[in-house]
Amino acid sequence: MKHTIIAIIAALVITACSNPSVPTDAVQSSAMPKIFPDYTEVTVPSNICPLNFMLNDGSAEAVARLSVGDKSFVYGEGHKIYIDEAEWAELRTLAKGKDITVEVFGMKNGTWTAYKPFKVYVAEEEIDPYLSYRNIQPGYVTYHNLYINQRDITTFEETTIYDNEEYADDEEKGGQCINCHSYQNYKTDNMLFHMRQMDGGTMFVSNGKVKKVDLKTDSTISAGVYPSWHPTKNLVAFSTNKTGQIFFTKSNAKIEVFDQESDLILYDVDKNEVMTVSQEPDEFEIFPCWSADGKTLYYGSAHFAFNPNDTASHESQVMARYEELKYNIYSRTFDEKTRRFSSPQLVFDAAALGKSATLYRVSPDGRYMVFSLGNYGCFHVWHPEADIYLMDLATGKAAPLAGINSNRSESYPSFSSNGRWVMTASRRDDGNYTRPYIAYFDKQGKCRKPFELPQKDPEYYTLFLMSYNRPEFMSEPVKIPRSEFVEKAKTEAVKAKYSR
């Protein structure tokens, strides 16, 4: 595993303190403590790892007392609070369905301050025990030092699923761009991720067996790009995309990733066959997403009419008019027996609001959809205005998902497998790096205050200079050894067949 110097720092964290005690001469304050990550008044799963934090107010020392009824533990190591994992497990078990009281004390200039206590609420419901994500530097064309990791969020254990530099056995290859890890129904016996550039292809795990496939055919504009596994069948819906990038010099925006063309395809993993779902030249389809029962495919589509009298290329026309790309949400019903889709039905008209909807996910009970809404385009990780919206699929009403949004980019929303937790890739910390934030989602469709994925060292996010891209809930870890992925990556991809 390679987190450069940050991993070394985290590994050297002192986890045992010298029996700190609560200061008896502290001056009481009415202010809440300024802690990072901010875990004040959050609701957490009943199986989450400890919420280690640091006091971020300039205090030289910090002490925290965590209490549930008569049971309490005291921690402190400099200005950081490292919570013993066994003691935390005891507290969260006692607090299930209730709360843990946290008292924080800070010492500056020889004087202790007792801050206003806060609660950490422990939900009855658990969360999927694993997350996976791509760690990537905020660069635009480099693929070095890029990997897909998985994290046990009941502990702090992190392992690497695939590392692009392990594939490159010489400097000329330079690694691959790896992306778009996806799983069938939160499990990992059926999963995939893409490898671009050198010896590219899509890495599939099908019923525990690994294969590498070239999904590009003579009848499609590209290989599969953005995937969604059917929840019960060995089928994957993809968008096929030709993408471009714009870099800004006179804008607060840094970059815009846009489509020049995009269609929808369906891939039969068992038959190794690709079929077209939609192939309209003036429609840019993207981000397919199956309903929980597999009977409906949701996706986004932006209407873009190329000017036949314009001698500029399609790419240049889109670059000149990129703000016109406003994606609406559509659906098509799916017949599993015939493998046929219905004509498209409009689900949410974002363009009528002057907006663009992208990155769709449906709740496991089929009632709700979450998506990212921005001013235009489909790649909202770069859009500071992008917020997570919630749609009631029964009524068609959509509104910002209260409590989870910030004044910076929110993207890649998703539901946990029990539907009680929502995750977003957020740039709220500093505007540059995406971090996973998780919020409790109650049965009334309301979110509580989100919390940042806990790390062993509370300073980790300050020092770790890579983004968490496309965070995904998993009910189990990937079981294929990464050495097996590396060996398969070096083989020639099997060509997919096109089926009409």
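This text follows the structure it describes.
In this numbering scheme, every chain counts its residues from 1 along its sequence in written order. Selection of residues for local features in this predicted model requires a pLDDT of at least 70, selection of side-chain atom pairs for listing and counting requires 80 or more, and totals for whole chains, interfaces and linings are taken over all residues. Side-chain descriptors were evaluated using all non-hydrogen atoms of the structure, hydrogens and water having been removed beforehand.

**Things to note about helix α6 (residues 482-489)**
Phase 1: What α6 keeps buried is the set F485, V486 and A489. Within α6, the buried residues cover an arc of 100 degrees as seen down the axis, which keeps them to one side.
Phase 2: We call two residues in contact when some of their heavy atoms are within 4.5 Å. By definition, any uninterrupted DSSP run of H or I lasting at least four residues is a helix, any uninterrupted run of E lasting at least two residues is a strand, and each is numbered from the N terminus. Contacts from the buried residues of α6 go to β13 (158-163), α3 (164-167), β15 (187-196), β16 (201-206) and β17 (209-214). When accessible area is computed with a 1.4 Å probe and restricted to protein chains, residues below 20% of their type maximum are described as buried, those above 50% as exposed, and intermediate ones as partly exposed. Arc definition: directions from the helix axis to the C-beta atoms.

**Things to note about the sheet that holds β17**
Phase 1: The sheet built from 5 strands is open, its strands ordered β14-β15-β16-β17-β36 with mixed pairing. Because the sheet does not close on itself, it has two edges, and the strands there are β14 (177-184) and β36 (494-495).
Phase 2: As judged from the 6 bridges shared by β14 and β15, these two strands associate in the antiparallel manner. Along β15, the bridge assignment pairs Y183 with M191. We call two strands paired when DSSP finds no fewer than two bridges between them.

**Notes on the packing of aromatic side chains**
Phase 1: When the centres of two rings from Phe, Tyr and Trp lie within 6.5 Å, Trp using its six-membered ring, the rings pair. Their planes under 30 degrees apart give stacked, over 60 give edge-to-face, and anything left gives tilted. Counted by the stated rule, this structure contains 23 aromatic pairs.
Phase 2: Arranged with centres 5.1 Å apart and planes meeting at 40 degrees, the rings of F204 and Y267 form a pair that is tilted. Here the residue F204 occupies a position in strand β16, and Y267 occupies one in strand β20 (residues 255-268), the gap between them amounting to 63 residues.
Phase 3: The buried category is assigned to F204, whose relative accessible area is 0%.
Phase 4: Consider the rings of Y299 and Y330, whose centres lie 6.1 Å apart with planes at 25 degrees: the pair is stacked. One end of the pair, Y299, is in strand β23 (residues 296-303); the other, Y330, is in strand β24 (residues 328-335), with 31 residues separating them in the sequence. This pair shows no difference in class: Y299 is buried, exactly as Y330 is.
Phase 5: Among the aromatic side chains, those forming a connected cluster through ring pairs are Y133, Y460, Y461, F464 and Y468.
Phase 6: Between the NZ or CZ atom of R427 and the centre of the ring of W382, over which it lies, the distance is 4.4 Å.
Phase 7: Think of it as a cone above the ring: NZ of Lys or CZ of Arg counts as a charge over the ring if it is within 6 Å of the ring centre and within 35 degrees of the ring normal. One residue, R428, lies across the ring of Y437, its end atom 4.4 Å from the ring centre.

**A short note on the side chain of N241**
Phase 1: Mapping N241 onto the fold places it in strand β19 (residues 235-247).
Phase 2: Under this definition, polar contacts are N or O atom pairs within 3.5 Å; protein pairs additionally need one hydrogen-donor-capable and one acceptor-capable atom, and for neighbouring residues in sequence, both atoms have to be side-chain atoms. A polar contact is formed between the side chain of N241 and the side chain of D259, at a distance of 3.1 Å.

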